[in-house]
Amino acid sequence: MILVVGEILFDVFEKEKQLGGAPFNFAYHLKNFGFPVRYISSIGNDTHGKEILNILEHHHFNIDDIQIDDKHDTGTVIVQLSSSGNPTFHIKTDVAYDYINYLPKEHSSLIDRADLIYFGTLVQRSKLGFENIQKFMENRRPNTICFYDINLRPDCYSEKVILTSLEYADVLKLNSQELDECKRIFRFLKDNDAFVHFLMSEYALKIVAITNADKGSRLYTKDGCFHTKTHRVSSVLDTVGAGDAYSSILALGIIKGWEPERMLSMASMFASRICEIRGAIPESRAFYEPIKKMIESGG
């Protein structure tokens, strides 16, 4: 079972809105690939919150895992796209997902059953959010894989959150800009390879994945560094959620014990396909069928 803890929100584009948030996108993909997923988040007792509950129920998520906050609104993000489809995010502050509670009676059994726990940085921007996410990590089993998808957003993180989260991580996924920010935090002046090896040694990380847009991605393991080019697509509508798609395949490959080359190739391919649609989530479950066949066949 994969346990996902984090924000759920509406991405609001110029003419439409779509359900999103990196943890939700990650959980949604894995659920459509046939994995058992439990997803813990918090929404407001408002119109957006009711819409989210209906969508989650329709897609067979366990809505008992979703907390209802009577004091704070459901999260929203204004998404502005550049001419090349790259997004800029304007994230509403002090919303329901900033106040996800750790509930020992309800959550301890989920944590015990989890093979992998996914978490990020945005949900830890509030004091309570930071404290509660750390409780989830503190109570995990020793052999549970902790997947830290760093996802840094302007004014929504601190050095303390990043450094503490790294202490719990087994897998770290970040993009090239986030790598540069981490190097700044550590005041690390050597090259990227040296920095990744430093992180892996300092925090006992088993895997580090670095995406770099159209320049491809790298995967660092105990067996070395592996690289893949970006898969070509016919047209890019936007890049919203591409990193989350990449992370979902990476987690899937880790659980299935894939070789690094296959993890990289499949993750890059799926991320590229998400760039061909509007937003982070496909409208039809049929979108997943060709990828599922590739997963099952070893392609």
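These numbers come from a predicted model, not from an experiment. Note that residues are indexed from 1 along each chain, following the sequence as it is written. For a predicted model such as this one, the threshold for reporting local features is a pLDDT of at least 70, and the threshold for listing and counting side-chain atom pairs is 80 or more; totals across whole chains, interfaces and linings nevertheless cover every residue. The side-chain quantities take in all heavy atoms of the structure and omit both hydrogens and water.

K.L.:
When you look at the overall build of the protein chain in this model, what are you seeing that I'm missing?
P.N.:
A tally of regular secondary structure across the protein chain gives 10 helices and 13 strands. The C-alpha atoms of the protein chain give a radius of gyration of 18 Å, which matches the 19 Å a tight globule of 299 residues would have. The principal-axis extent of the C-alpha atoms belonging to the protein chain is close to 50 × 40 × 35 Å. Here's how the labels work: a residue is buried when its accessible area is under 20% of the maximum for its type, exposed when over 50%, partly exposed in between, all with a 1.4 Å probe on protein chains only. Expressed as a percentage of its 299 residues, the buried residues of the protein chain come to 55%. Labels follow the DSSP assignment, with helices taken as runs of H or I lasting at least four residues and strands as runs of E lasting at least two, numbered in each case from the N terminus. Restricting the calculation to C-alpha atoms gives the radius of gyration, and the globule rule supplies 2.2 Å times the number of residues raised to the power 0.38.

K.L.:
Just to check I follow, could you spell out the environment of Glu 159 for this structure?
P.N.:
Checked against the element boundaries, Glu 159 lands in helix α5 (residues 159-168). The spacing of Glu 159 and Phe 186 is 27 residues in sequence and 9.4 Å in space, taken between C-alpha atoms. In this description, contact between two residues means that some pair of their heavy atoms is separated by no more than 4.5 Å. In contact with Glu 159, not counting residues within four places along its chain, are Arg 184 and Ile 185.

K.L.:
Any chance you could explain the sheet that holds strand β6 (residues 75-81) here in plain terms?
P.N.:
For sheets, the rule is that strands pair by backbone hydrogen bonds, running either parallel or antiparallel. Any two strands between which DSSP finds at least two bridges are classified as paired. Strand order in the open sheet formed by four strands is β3-β2-β6-β7, with mixed pairing between adjacent strands. Each edge of the sheet is formed by a strand with only one pairing partner; in this case those strands are β3 (17-20) and β7 (87-91). For this sheet the average axis-to-axis angle between neighbouring strands, irrespective of direction, equals 30°. In this description, a line fitted to the C-alpha atoms serves as the axis of each element, helices being fitted only across the stretch in contact, and the angle between N-to-C directions of two axes falls anywhere from 0 to 180 degrees.

K.L.:
Hey, could you run me through the pattern of salt bridges in this one?
P.N.:
If charged atoms from side chains of opposite charge come close, those side chains can pair. We define a salt bridge as a side-chain nitrogen of Lys or Arg found within 4 Å of a carboxyl oxygen belonging to Asp or Glu. Evaluation of the coordinates by the stated rule reveals 11 salt bridges. Glu 159 is the partner of Arg 184 in a salt bridge, and the nearest nitrogen-oxygen pair spans 3.8 Å. Placement of the pair is Arg 184 in helix α6 (residues 176-186) and Glu 159 in helix α5, with a sequence separation of 25 residues. Overall, Glu 159 belongs to the partly exposed group, its relative accessible area being 34%. Across the salt bridge formed by Lys 206 and Asp 170, the nearest N and O atoms sit 3.3 Å from each other. With Lys 206 in the loop between α7 (192-203) and β11 (207-211) and Asp 170 in the loop between α5 and β10 (171-175), this residue pair connects regions lying 36 residues apart in the sequence. The buried category is assigned to Asp 170, whose relative accessible area is 14%. Each member of the salt-bridge network shares a partner with another, and the members are Glu 159, Glu 181 and Arg 184.

K.L.:
How should I be thinking about the side chain of Asp 98 in this particular structure?
P.N.:
With respect to the helices, strands and loops of the structure, Asp 98 is situated in the loop between β7 and α3 (104-113). Polar contact is defined as a pair of N or O atoms within 3.5 Å, subject to the rule that within protein one atom must be able to donate a hydrogen and the other to accept it, and that residues adjacent in sequence are counted only when both atoms are side-chain atoms. Of the polar contacts made by the side chain of Asp 98, one reaches the backbone nitrogen of Asp 94; its length is 3.2 Å. Separated by 2.9 Å, the side chain of Asp 98 and the backbone nitrogen of Val 95 make a polar contact.

K.L.:
Got a minute to help me understand the layout of surface pockets in this structure?
P.N.:
A water-sized probe rolled over the atoms picks out the places where empty space is left. Residues are said to line a cavity or pocket when one of their atoms sits within 4 Å of a point; the points come from a 1 Å grid over protein atoms alone, cavities being sets where a 1.4 Å probe fits but cannot get out and pockets being open sets with protein on both sides within 12 Å along at least five of seven lines. Grid points are joined across faces, edges and corners, and a volume is the space filled by probe spheres set on the points. Empty space within the largest pocket amounts to approximately 1400 Å³. Every element with two or more residues in the lining of the largest pocket is listed here: β2 (9-12), α1 (22-32), β7, β10, α6, α8 (242-256) and α9 (260-274). Residues were grouped as follows: Ala, Val, Leu, Ile, Met, Phe, Trp, Tyr, Cys and Pro as nonpolar; Asp, Glu, Lys and Arg as charged; and all remaining residues, including Gly, as polar. A breakdown of the residues in the lining of the largest pocket according to their chemical character gives 18 nonpolar, 20 polar and nine charged. Put simply, the second largest pocket is a space of about 240 Å³. For the second largest pocket, the full set of lining residues is Lys 206, Ile 207, Thr 221, Lys 222, Asp 223, Gly 253, Ile 254, Gly 257, Trp 258, Glu 259, Pro 260 and Met 263. Every element with two or more residues in the lining of the second largest pocket is listed here: α8 and α9.

K.L.:
What's the story with the state of the cysteines in this structure? I'm lost.
P.N.:
As used in these notes, a disulfide is a covalent bond between sulfur atoms, one from each of two cysteines. Note that a disulfide, as used here, is simply two cysteine sulfur atoms within 2.5 Å. Evaluated as defined, the whole model comprises zero disulfides. Between Cys 146, a cysteine without a disulfide, and Cys 182, which holds the nearest cysteine sulfur, the sulfur-to-sulfur distance is 17 Å.

K.L.:
What should I look at first to understand α8 in this one?
P.N.:
Side chains that are three or four residues apart share a direction in an α-helix, a result of its 3.6 residues per turn. The length a helix should cover is 1.5 Å for every residue beyond the first. The terminal C-alpha atoms of α8, which comprises 15 residues, lie 21 Å apart, in line with the 21 Å expected from a rise of 1.5 Å per residue. Burial analysis of α8 places 12 of its 15 residues in the buried class, which makes it a mostly covered element. Burial in α8 covers these residues: Ala 242, Asp 244, Ala 245, Tyr 246, Ser 247, Ser 248, Ile 249, Leu 250, Ala 251, Leu 252, Gly 253 and Ile 254.

K.L.:
Help me understand the packing of aromatic side chains, please; the structure alone is not making it clear to me.
P.N.:
What characterises a pair of aromatic rings is the spacing of the ring centres plus the angle enclosed by the ring planes. Note on aromatic pairs: the rings of Phe, Tyr and Trp (six-membered ring only in Trp) are paired at centre separations within 6.5 Å, and the planes decide the class, stacked below 30 degrees, edge-to-face beyond 60, tilted for the rest. A full pass over the atoms with the stated rule returns 21 aromatic pairs. Between the aromatic rings of Phe 26 and Tyr 118, the centroid separation amounts to 4.0 Å while the plane-to-plane angle is 20°, which identifies the pairing as stacked. Pair noted here: Phe 26 is in helix α1 and Tyr 118 is in strand β8 (residues 116-119), with a separation of 92 residues, a long-range link. Both residues of the pair, Phe 26 and Tyr 118, belong to the buried class. An angle of 55° between the planes, with centres 6.3 Å apart, marks the rings of Phe 270 and Phe 287 as tilted. With Phe 270 in helix α9 and Phe 287 in the loop between α9 and α10 (289-297), this pair connects stretches of sequence that are 17 residues apart. The partly exposed category is assigned to Phe 287, whose relative accessible area is 22%. Following the ring pairs from residue to residue traces out a cluster consisting of Phe 24, Tyr 28, Phe 33, Tyr 39, Phe 61, Phe 270, Phe 287 and Tyr 288. By the criterion adopted, a ring carries a charge over it if an Arg CZ or a Lys NZ lies within 6 Å of its centre and within 35 degrees of its normal. Here the basic side chain of Lys 17 rests over the ring of Phe 10, its NZ or CZ set 5.1 Å away from the ring centre.

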